[in-house]
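Spelled out, the chains give:
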Amino acid sequence: MEDCVFCKIISGEIPSTKVYQDEVVTAFLDLSQATPGHTLVVPNKHVKDIFAYDTDLAAAVFSRIPKIARAVRASNKDIKGLNILNNNGKVAYQSVFHSHIHLVPRYTDNDGFSMSFTDNSDKHSAEELNQIAANISNNITESD
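Keep in mind that this is a model prediction, so the values were computed, not measured. (Residues numbered from 1 in each chain as written. Predicted model: local features only at pLDDT ≥ 70, side-chain atom pairs only at ≥ 80, totals over all residues. Heavy atoms only, no water.)

Once that is clear, we can look at the pairing of strand E1 (residues 18-21). With three bridges connecting them, E1 and strand E2 (residues 25-29) associate as antiparallel partners. The residue bridging Tyr20 from the neighbouring strand is Ala27, located in E2. (Pairing = 2+ DSSP bridges. Helix = DSSP H or I, 4+ residues; strand = E, 2+ residues; numbered from the N terminus.)

This is the structure we're talking about:
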């Protein structure tokens with residue numbers, strides 16, 4: 001895609017700080033550096049988001065995540081953990097519409113990065129949860 005910043009990074013048209021590249025993915029440091037070592041793993045094939053992956057692309061991309069994550073962790077003895085994030089759609093904080101996976105090293109509980117999950121466990125009955133699960137299950141297809 002000619003207007004895609006990540007496609008331009010992959011092709012070398014735009015400079016980046018690459019940490020890994022093969023025939024399937026390119027990994028480079030995120031400009032924001034939410035924490036030091038914050039790395040993006042991007043499929044070389046332009047796909048907008050997770051909904052555009054086929055099973056072969058998903059297997060190829062996601063099989064590389066542990067190798068790159070281990071390298072990020074090994075790069076700094078102070079890294080104690082790692083968040084793996086994938087945002088899909090503007091409402092989910094996707095800002096570049098070329099699928100990418102964030103590897104965010106964690107150093108301490110107060111390293112400047114945070115996430116919060118609201119506990120809504122008291123807002124849904126067992127029946128409602130069963131209906132939600134059934135709706136999801138009914139939409140899973142073998143071709144996915």
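With that settled, the discussion passes to the sheet that holds strand E5 (residues 101-106). Strands sit in the order E1-E2-E3-E5-E4 across an open sheet of five strands; the sheet is antiparallel. With one partner strand each, in any of the chains shown, E1 and strand E4 (81-85) form the two edges of the open sheet. Averaged over all pairs of adjacent strands, the angle between strand axes in this sheet comes to 15°, irrespective of strand direction. (Axes fitted to C-alpha atoms, helices over the stretch in contact; angles between N-to-C directions.)

On to the nonpolar core. Membership of the largest hydrophobic core comes to 16 residues, with the highest contact counts inside it found for Val25, Val41, Tyr53, Val61, Ile68, Ile101 and Leu103. Of all the elements in the fold, those that place two or more residues in this core are E2, helix H2 (55-62), helix H3 (65-74) and E5. With four residues, the top contributor of residues to this core is H3. Contact partners of Tyr53, with chain neighbours within four places excluded, come to Pro43, Val47, Ala58, Val61, Phe62, Ser99 and Ile101. Judged by nonpolar contacts, the second largest core, of nine residues, contains Phe6, Cys7, Ile10 and Leu40. (Core = buried A, V, L, I, M, F, W, Y, C linked by side-chain atoms within 4.5 Å. Buried < 20%, exposed > 50% of the residue type's maximum accessible area, 1.4 Å probe, protein only. Contact = heavy atoms within 4.5 Å.)

Burial analysis of E5 places six of its six residues in the buried class, the great majority of the element. Burial of E5 is two-sided: the residues Ile101, Leu103 and Pro105 facing one way and the residues His102, Val104 and Arg106 facing the other way are all buried. Relative to E5, strand E3 (residues 39-43) runs antiparallel, the two being bridged by three bridges. What sits directly across from Val41, in E5, is Ile101. Of the strand pairs in this sheet, E4 and E5 are connected by five bridges, and their pairing is antiparallel. Across the sheet, the residue bridging to Ile84 is Leu103, located in E5.

Another aspect to go through is a nonpolar patch on the surface. A cluster of nonpolar side chains, Leu129, Ile132, Ile136 and Ile140, forms an exposed patch at the surface whose accessible area comes to about 390 Å². Tracing the chain through its elements places Leu129 in helix H4 (residues 126-137). Relative accessible area serves as the criterion here: at 46%, Leu129 is assigned to the partly exposed category. (Patch = residues over 30% accessible without salt bridge, like charges linked within 9 Å, V, L, I, M, F, W, Y side chains within 5 Å. Areas by Shrake-Rupley, 256 points an atom, 1.4 Å probe, with all protein chains shown as cover. Salt bridge = Lys/Arg side-chain N within 4 Å of Asp/Glu carboxyl O.)

Before going further, it helps to examine the environment of Val61. Within the secondary structure, Val61 sits in helix H2. Residue Val61 is classed as buried on the basis of its relative accessible area, which comes to 0%. The residues touching Val61, leaving out its near neighbours within four places in the chain, are Val24, Val25, Pro43, Tyr53 and Ile101.

Attention now goes to the packing of aromatic side chains. Evaluation of the coordinates by the stated rule reveals two aromatic pairs. With a centroid separation of 5.5 Å and 70° between ring planes, the pair formed by Phe6 and Phe28 is classed as edge-to-face. With Phe6 in helix H1 (residues 5-11) and Phe28 in strand E2, this residue pair connects regions lying 22 residues apart in the sequence. The pair Phe6 / Phe28 is uniform in exposure class, with both members buried. Ring centres 5.9 Å apart and planes at 40° place the aromatic pair Tyr53 and Phe62 in the tilted group. Classification of Phe62 by relative accessible area gives partly exposed; the value is 34%. (Phe/Tyr/Trp six-rings, centres within 6.5 Å; stacked < 30°, edge-to-face > 60°.)

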